[in-house]
Amino acid sequence: MAPRRFETKPVIFCLKTLLLLYSFIFWVSGVVLLSVGLWWKFMLGPYMLLISSSPSNAPYVLTGTGAAIILFGLYGCFATCRGRPWMLKLYAVFLSLVFLTELIAGISGFIFRHEIKGTFLTTYSDAVMRYDGRDDRSLAVDGVQRRLHCCGVYNYTSWFSSVYFPVSGVPSSCCVSFSDCSSADLKNMTLAAGKVYKQGCYELVTAFIESNMGIIAGVTFGIAFSQLVGMSLACCLSRFINANQYEMV
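Computed from a prediction, not measured in an experiment: that's the story for all the values here.

Enquirer: Please provide a residue-by-residue account of the pattern of salt bridges, values included.
Expert: Counted by the stated rule, this structure contains four salt bridges. Residues Lys 195 and Asp 180 are paired through a salt bridge, measuring 3.1 Å at the closest nitrogen-oxygen approach. One end of the pair, Lys 195, is in the loop between α9 (189-192) and α10 (201-248); the other, Asp 180, is in the loop between α7 (165-168) and α8 (183-187), and 15 residues separate them in sequence. Judged by relative accessible area, Lys 195 falls into the buried class, the value being 18%. Lys 195 serves as the salt-bridge partner of Asp 185, at 3.9 Å between the closest nitrogen and oxygen. Residue Asp 185 is found in helix α8, and its partner Lys 195 is found in the loop between α9 and α10; the two are separated by 10 residues along the sequence.

Enquirer: Report on helix α6 (residues 136-148), specifying residues and quantitative values.
Expert: Between the first and last C-alpha of α6 there are 18 Å, a value that for 13 residues agrees with the 18 Å anticipated at 1.5 Å per step. If you check which residues of α6 are buried, you get Ser 138, Ala 140, Val 141, Asp 142, Gly 143, Val 144 and Gln 145. One or two residues past the end of α6 sits His 149, with phi positive at roughly 55°.

Enquirer: I'd like a rundown of the state of the cysteines, residues and numbers included.
Expert: Summed over all chains, the structure comprises three disulfides. Between the sulfur atoms of Cys 151 and its disulfide mate Cys 174 the distance is 2.2 Å. Between Cys 151 and Cys 174 the sulfur-sulfur dihedral comes to about 90°; the bridge is accordingly right-handed. You can see Cys 151 sitting in the loop between α6 and α7 and its partner Cys 174 sitting in the loop between α7 and α8, a full 23 residues away along the chain. Taking the relative accessible area as the measure of exposure, Cys 151 reaches 0% and is therefore buried.

Rules used in this analysis
- All residue numbers refer to positions counted from 1 along the written sequence of the respective chain.
- Local features in a predicted model are, by the rule used here, given only for residues with pLDDT of at least 70; side-chain atom pairs are given and counted only at 80 or more, and totals for whole chains, interfaces and linings are based on all residues.
- With hydrogens and water excluded, all non-hydrogen atoms of the structure serve as input to the side-chain values.
- What counts as a salt bridge is simple: a side-chain nitrogen of Lys or Arg found within 4 Å of a carboxyl oxygen of Asp or Glu.
- Numbering of helices and strands runs from the N terminus, with a helix taken as a DSSP run of H or I at least four residues long and a strand as a DSSP run of E at least two residues long.
- Working definition: with a 1.4 Å probe on protein chains only, accessible area under 20% of the residue-type maximum means buried, over 50% means exposed, and in between means partly exposed.
- What a helix is expected to span follows from its residue count: subtract one and scale by 1.5 Å.
- Cysteine sulfur atoms are paired as a disulfide whenever they come within 2.5 Å of each other.

In structure tokens:
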């Protein structure tokens, strides 16, 4: 029995090292998710008003998932160092729950991407029609137009039917150059055409979603299936520790 026990110990050491490395990477992914959730909440919050008429729960889901992964990652390191089979099995259960959560989130996002685009069209069109230059949604519209270099929903003519145009014309956030974009120009339908961005914001946003959906889905599923590696390592380590304890007896 002794030679076999000596063969098992290096395997246990190797598995512990791999599981500790995995748990650290898992913990780092939790920190990243938590950071993204907080960034989404405090930096992208106003823009979410253009995607949905009601507050989004996505930042809270990301923050909560990130915090849970951080705790699970720390527990994984502790369980690996302690080398208790029941703790390792519990860690594998935690990883399976995270795997299912990420898998469901990834599939849901991919399936409902067209609904997201439809909701964005409706909400963004309403924000343009009701634009006043002061409320949160109006400021979010200005931010989108400045950052994406776009104007209106489909193009700058979307502004002609808004409640803002008869009073102040096309918003200055549509201007290609602020130094060459007077308020008189923005009130004139003909002159405004040569002063503002030609492309509509809806087309740019939906094109970004379509072009990056494959990458986002791939990263999401890749992170989800990486939990299977951790689950396998935790179960294998638990089994080898049990076997080693049995051989010692």
